[in-house]
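Next come the chains, spelled out residue by residue.
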Amino acid sequence: MAGREMTGARIPVMIPRLGEEEAQAAADAVRSGWVAQGPRVARFEQEFAALVGAGHGVAVSSCTTALHLALVVLEIGPGDEVIVPSFSFIATANAVRYVGATPVFADVDVSTGNLTAATIDAVRTARTRAVIAVHQGGVPFDVAALRDAAGRWGLPLIEDAACAAGSTAYGRPVGAGATISAWSFHPRKLLTTGEGGMVTVDDPEWAARLRRLREHGMNVSAADRHASAQPVLEAYLETAFNYRMTDIQAAIGLVQLGRLADLVAHRRALAARYHELLADIEGLAPVRDPEYGETNFQSFWLLIDPEYGTGRDEVLAELAAAGVSARRGIMAAHLEPAYADVTPAPLPVTERLTRDSLILPLHHALTEDDQDHIVAVLRKLARR
């Protein structure tokens with residue numbers, strides 16, 4: 001450890017897998033003369049939707065805008081309540097506020113960090129109009145249970161799959177069979193376009209409206225106008241947004257699609273090795289596959305139990321001193337100043353997870369020596 005501290009070498013928590021192929025694809029898009037939303041975006045939408053088992057993909061500027069458009073398509077608005085986990089990046093709850101609705105926070109399962117039918121039902125009211133469930137950190141929620149419950153309640157289920165590209169549930173890709181899903185291609189995700197997102201749906205009418213909504217409500221896309229040999233006079237059918245993805249981003253995304261399977265396999269192998277190395281350290285509970293699916297291990301988090309003997313913040317400080325860029329666990333939105341005006345129902349699991357968990361480095365460049373070093377620090381801190 002001293003050598004690492006003296007050299008200043010650090011183990012980052014995440015590194016995007018980007019190489020010469022992505023650079024070449026982006027350059028080719030620039031040279032093509034078509035850099036805005038165009039043919040590469042259309043191809044990326046088709047290939048991504050096929051990968052996740054959805055009928056249609058609609059590329060957008062971020063997962064946040066994907067969630068916003070999902071709520072607009074479902075006609076959620078003022079006076080409506082939408083159940084969301086607090087245990088998620090704040091964008092999940094913020095999107096509900098964008099349409100003037102009220103986010104209602106539900107608690108999560110301690111082992112997966114995900115909503116369950118029981119935690120949703122505990123806060124469901126007559127004003128509930130939809131549920132946004134998150135496949136947290138790539139860990140799939142129980143899609144069979146939540147989709148069944150949402151159907152019985154007559155509520156649309158929006159799946160926030162920001163972190164879940166490459167994860168599976170009941171033998172199918174996350175996203176397959178979903179009413180509507182939102183995806184992220186932020187650099188911390190396995191599949192990245194720098195920034196960007198996607199909405200996937202099976203309903204062709206929803207897909208058509210989503211495409212209009214991302215492009216100012218135009219009834220003819222810019223790509224179709226430019227492709228026409230005759231002048232096209234577009235109409236603007238509703239007040240909408242500018243949430244488009246560029247062809248440069250999509251060019252990178254198309255290369256990334258080809259890497260995804262190998263990236264998931266490698267991360268799962270690294271996660272399995274973490275599990276082996278941590279198995280005999282009392283008081284550390286690492287994230288694992290749920291019984292009904294497999295995670296892509298977008299994030300590898302540890303829950304620190306009292307038996308471990310060292311608190312989360314001290315562990316983070318010691319890891320940092322040893323050259324390891326770990327991170328605090330997933331945030332709890334209801335504890336942030338932006339939601340200080342909200343008094344949720346009790347969220348004991350959420351508050352425990354956000355207080356006592358941390359995220360360890362996991363990425364394509366992580367070596368076995370790196371893992372050995374990280375676990376050695378954790379072992380040293382056990383019941384110190």
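Residues numbered from 1 in each chain as written. Predicted model: local features only at pLDDT ≥ 70, side-chain atom pairs only at ≥ 80, totals over all residues. Heavy atoms only, no water.

Novice: Is there a simple way to explain the confidence of the model for the chain in this structure?
Specialist: Atomic detail in the predicted coordinates should be set aside for any region of low pLDDT. Overall, the prediction assigns the chain a mean pLDDT of 95, with 95% of residues at 70 or greater. Across residues 1–8, where pLDDT falls below 50, the model places twelve contacts with residues more than four positions away in sequence or in other chains. (pLDDT = per-residue confidence, 0-100. Contact = heavy atoms within 4.5 Å.)

Novice: Help me understand the pairing of strand 9 (residues 197–201), please; the structure alone is not making it clear to me.
Specialist: Each regular strand displays side chains that alternate between the two surfaces of the sheet. Among the five residues in strand 9, five count as buried, and that is most of the element. Neither face of strand 9 is open: one carries Gly197, Val199 and Val201, the other Met198 and Thr200, and all of them are buried. Pairing analysis gives five bridges linking strand 1 (residues 56–60) to strand 9, with the strands arranged antiparallel. In the strand pairing of strand 9, valine 60 is matched with glycine 197. Bridge analysis of strand 8 (residues 180–184) against strand 9 gives five bridges, and the strand direction is antiparallel. Looking across to strand 9, one finds that serine 181 is bridged to threonine 200. (Buried < 20%, exposed > 50% of the residue type's maximum accessible area, 1.4 Å probe, protein only. Helix = DSSP H or I, 4+ residues; strand = E, 2+ residues; numbered from the N terminus. Pairing = 2+ DSSP bridges.)

Novice: Would you explain the sheet that holds strand 5 (residues 157–160) in this entry?
Specialist: The sheet built from seven strands is open, its strands ordered 1-9-8-5-4-2-3 with mixed pairing. Each edge of the open sheet is held by one strand with a lone partner, namely strand 1 and strand 3 (102–106). When the angles between neighbouring strand axes are averaged without regard to direction, this sheet yields 25°. (Axes fitted to C-alpha atoms, helices over the stretch in contact; angles between N-to-C directions.)

Novice: Looking at this model, I keep getting lost on the nonpolar core. Mind explaining?
Specialist: Inside soluble globular proteins, nonpolar side chains tend to come together where they are buried. Counting residues in hydrophobic clusters, the biggest one holds 55 residues, and the most contacted among them are Tyr274, Leu278, Phe300, Leu319, Leu360, Ile374 and Leu378. Elements with a minimum of two residues in this core: strand 3, strand 4 (128–134), helix 7 (143–153), helix 10 (247–278), strand 12 (300–304), helix 11 (312–321), strand 14 (357–360) and helix 13 (368–381). Excluding anything up to four places from it in sequence, isoleucine 374 contacts Ile11, Tyr274, Leu319, Val324, Leu360, Pro361 and Leu366. Judged by nonpolar contacts, the second largest core, of 37 residues, contains Ala70, Ala101, Ala162 and Ala182. (Core = buried A, V, L, I, M, F, W, Y, C linked by side-chain atoms within 4.5 Å.)

Novice: Honestly, helix 3 (residues 39–52) in this entry has me stumped. Any pointers?
Specialist: Given 3.6 residues to a turn, an α-helix orients residues that are three or four positions apart in the same direction. Here helix 3 is 14 residues long and its end C-alpha atoms lie 20 Å apart, about the 20 Å a rise of 1.5 Å per residue gives. The elements touched by buried residues of helix 3 are strand 1, strand 7 (172–173), strand 8, strand 9, helix 8 (204–213) and helix 10. Glycine 53 lies just past helix 3 and shows a positive phi near 75°. (Expected span 1.5 Å × (residues − 1).)

Novice: What am I meant to see in the side chain of histidine 334 here?
Specialist: Note on placement: histidine 334 falls in the loop between strand 13 (327–328) and helix 12 (348–356). Residue classification places histidine 334 among the buried positions, given a relative accessible area of 8%. For histidine 334, the side chain forms a polar contact with the side chain of glutamate 351, separated by 2.8 Å. (Polar contact = N/O pair within 3.5 Å; in protein donor to acceptor, adjacent residues only side chain to side chain.)

Novice: Teacher, can you tell me more about the packing of aromatic side chains here?
Specialist: Two aromatic rings are characterised by how far apart their centres lie and by the angle between their planes. Counted by the stated rule, this structure contains nine aromatic pairs. Summarising the aromatic geometry, the rings of phenylalanine 44 and phenylalanine 48 are spaced 6.3 Å apart at their centres and angled 55° between planes, so their arrangement reads as tilted. Of this pair, phenylalanine 44 and phenylalanine 48 both sit in helix 3, four residues apart, which is roughly one turn of that helix. The buried category is assigned to phenylalanine 48, whose relative accessible area is 0%. A centroid spacing of 5.3 Å and a plane angle of 80° characterise the contact between phenylalanine 48 and phenylalanine 185, whose relative ring orientation is edge-to-face. Separated by 137 residues along the polypeptide, phenylalanine 48 in helix 3 and phenylalanine 185 in the loop between strand 8 and strand 9 bring together distant segments of the chain. Taken as a pair, phenylalanine 48 and phenylalanine 185 share a single burial class, namely buried. (Phe/Tyr/Trp six-rings, centres within 6.5 Å; stacked < 30°, edge-to-face > 60°.)

Novice: In this structure, what is going on with the pattern of salt bridges? I would like to understand it.
Specialist: Side chains that differ in sign of charge can pair as their charged atoms come close. One pass over the structure, following the stated rule, counts 25 salt bridges. One salt bridge in this structure joins aspartate 289 and arginine 268, with 2.8 Å as the shortest N-O distance. Of this pair, aspartate 289 sits in the loop between strand 10 (284–286) and strand 11 (293–294) while arginine 268 sits in helix 10, placing them 21 residues apart in sequence. The exposure class assigned to arginine 268 is partly exposed, which follows from its relative accessible area of 21%. Here arginine 355 and aspartate 356 are joined by a salt bridge, their closest N and O atoms 3.0 Å apart. Counted as one network, the salt bridges with shared partners bring together Glu21, Glu22 and Arg259. (Salt bridge = Lys/Arg side-chain N within 4 Å of Asp/Glu carboxyl O.)

Novice: Looking at this model, I keep getting lost on the packing of helix 4 (residues 63–73) against helix 5 (residues 91–98). Mind explaining?
Specialist: Working note: a packed helix pair is described by the angle between its axes plus the distance between those axes. Between helix 4 and helix 5, whose axes approach to 9 Å, the crossing angle comes to 40°. Put simply, helix 4 runs oblique to helix 5. Remark: the crossing between helix 4 and helix 5 carries right-handed chirality. Where helix 4 approaches helix 5, its residues Thr64, Leu67, His68 and Leu71 are matched on the opposing element by Ala91, Thr92, Ala95, Val96 and Tyr98. Broken down by class, the residue content of the contact of helix 4 with helix 5 amounts to six nonpolar, three polar and no charged. (Parallel < 35°, antiparallel > 145°, perpendicular 65-115°, else oblique. Left-handed = near helix turned anticlockwise from the far one by under 90°. Nonpolar A, V, L, I, M, F, W, Y, C, P; charged D, E, K, R; others polar.)

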